[in-house]
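# Secondary and tertiary structure notes
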Amino acid sequence: MVLGEEAWLPGQPPGNIVRIYWGSKRGYLLTRRQDLGIRAAIDLASGDFDRDGASDLAILSADGKIHLVWAVKSQVLSVEFQRGQIELPGDGVQCITAKDMDGDGAADLVIGTHGSGEVYLVGARVPREWGDVTSHKGFSASHVAVGDLDGDQKPELVLTDFDIGHAAGGEAGAAHESETSVNILLERFRLVGIHGTEHSACQRHGDRRF
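Since this is a predicted model, take the numbers as computed values, not measurements. (Residues numbered from 1 in each chain as written. Predicted model: local features only at pLDDT ≥ 70, side-chain atom pairs only at ≥ 80, totals over all residues. Heavy atoms only, no water.)

### Things to note about the sheet that holds strand β6 (residues 65-70)
As summarised here, the arrangement of the four strands in space is β4-β5-β6-β7, forming an open sheet in which the pairing is antiparallel. What marks the edges here is a single partner per strand, and that holds for β4 (41-47) and β7 (82-87). Taken pair by pair, the neighbouring strands of this sheet meet at an average axis angle of 20°, ignoring direction. Judged from the six bridges that link them, β4 and strand β5 (residues 56-61) form a sheet pairing that is antiparallel. Note on β5: the bridge partner recorded for Gly47 is Asp56. (Pairing = 2+ DSSP bridges. Helix = DSSP H or I, 4+ residues; strand = E, 2+ residues; numbered from the N terminus. Axes fitted to C-alpha atoms, helices over the stretch in contact; angles between N-to-C directions.)

Next up, the structure:
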């Protein structure tokens, strides 16, 4: 999967182009692909959200929406995907990642923001349903990684915020003006299910900032 700019070829759908390359046992061919158009798309993540054994796609757009594309079995290159959408409560969304946060085997969604420092969590519920969006106080993040950092078999969040500086002519890479921060959240997150059930995601140890 590749996330690109707005349509640049005749016949492409409107919006920022998400290009999917179809694989096989022999690998990939550049001609075996399909383009999706998502308005203002800025980041994407893949994971098995419905536990059917195939990777689905979550595309984050700058207007605070998550566009879901569900995997299907098909023998043709042009697939009519089943889609869904999740609306997030705030502004400034910047990145998305997919990881099982509550141990139920389905990949959940973690969304980082810029400015407010809010972290949004959305729990996947089968079949193809989602829990409520929960908001947690954190730090600004241009990338979110999830992993077990302290060996307690529960996930922690690593929030990286990379703000690259620019030269007078607009060129990226003016290192003396760039800012980078890495923050680790060791917190007891709650994923709220579709019927209001709360699911513990990780034990609270407190926050650490580096």
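From this point on, the discussion continues.
### Observations concerning the environment of Glu6
By the secondary structure assignment, Glu6 is in strand β1 (residues 2-6). Between the C-alpha atoms of Glu6 and Arg39, which are 33 residues apart in sequence, the distance is 8.2 Å. When neighbours within four sequence positions are excluded, Glu6 is seen to be in contact with Gly15, Asn16 and Ile17. (Contact = heavy atoms within 4.5 Å.)

### Thoughts on the packing of aromatic side chains
What the rule picks out here adds up to four aromatic pairs. Plain terms: the ring middles of Trp22 and Phe81 are 6.1 Å apart, the flat faces sit at 20° to each other, and that makes the pair stacked. Of this pair, Trp22 sits in strand β2 (residues 16-24) while Phe81 sits in the loop between β6 and β7; the two residues are 59 residues apart in sequence, bridging distant segments of the chain. Classification of Phe81 as buried rests on a relative accessible area of 13%. Every member of this aromatic cluster is reached through a ring pair, and the members are Phe49, Trp70 and Trp130. (Phe/Tyr/Trp six-rings, centres within 6.5 Å; stacked < 30°, edge-to-face > 60°. Buried < 20%, exposed > 50% of the residue type's maximum accessible area, 1.4 Å probe, protein only.)

### Considering the nonpolar core
Within the largest apolar cluster, 20 residues are counted, with the highest numbers of intra-cluster contacts made by Phe49, Ile66, Leu68, Leu109, Ile111 and Trp130. Listed by contribution, the elements that provide at least two residues to this core are β5, β6, β8 (93-99), β9 (108-113) and β10 (118-125). (Core = buried A, V, L, I, M, F, W, Y, C linked by side-chain atoms within 4.5 Å.)

### Focus: unusual backbone geometry
A positive phi angle, near 60°, is found at Arg51, a position not held by glycine. Along the chain, Arg51 turns up in the loop between β4 and β5. Assessed through its relative accessible area of 44%, Arg51 is described here as partly exposed.

### Section: the side chain of Ser61
Following the sequence through the fold, Ser61 ends up in strand β5. A polar contact of 3.1 Å, which involves the side chain of Ser61, links it to the side chain of His67. When sequence neighbours within four positions are dropped, the list of residues in contact with Ser61 reads Arg39, Ala40, Ala41, Ile42, His67 and Val93. (Polar contact = N/O pair within 3.5 Å; in protein donor to acceptor, adjacent residues only side chain to side chain.)

### Observations regarding the pattern of salt bridges
Note on pairing: side chains with opposite charge can pair once their charged atoms come close. Within this structure, the stated rule accounts for seven salt bridges. Here Asp63 and Lys65 are joined by a salt bridge, their closest N and O atoms 3.7 Å apart. Exposure remark for Lys65: the relative accessible area of 21% places this residue in the partly exposed category. In the salt-bridge network here, residues are joined through shared partners; they are Arg39, Asp63 and Lys65. (Salt bridge = Lys/Arg side-chain N within 4 Å of Asp/Glu carboxyl O.)

These results come straight from atomic positions and should not be treated as a statement about function.
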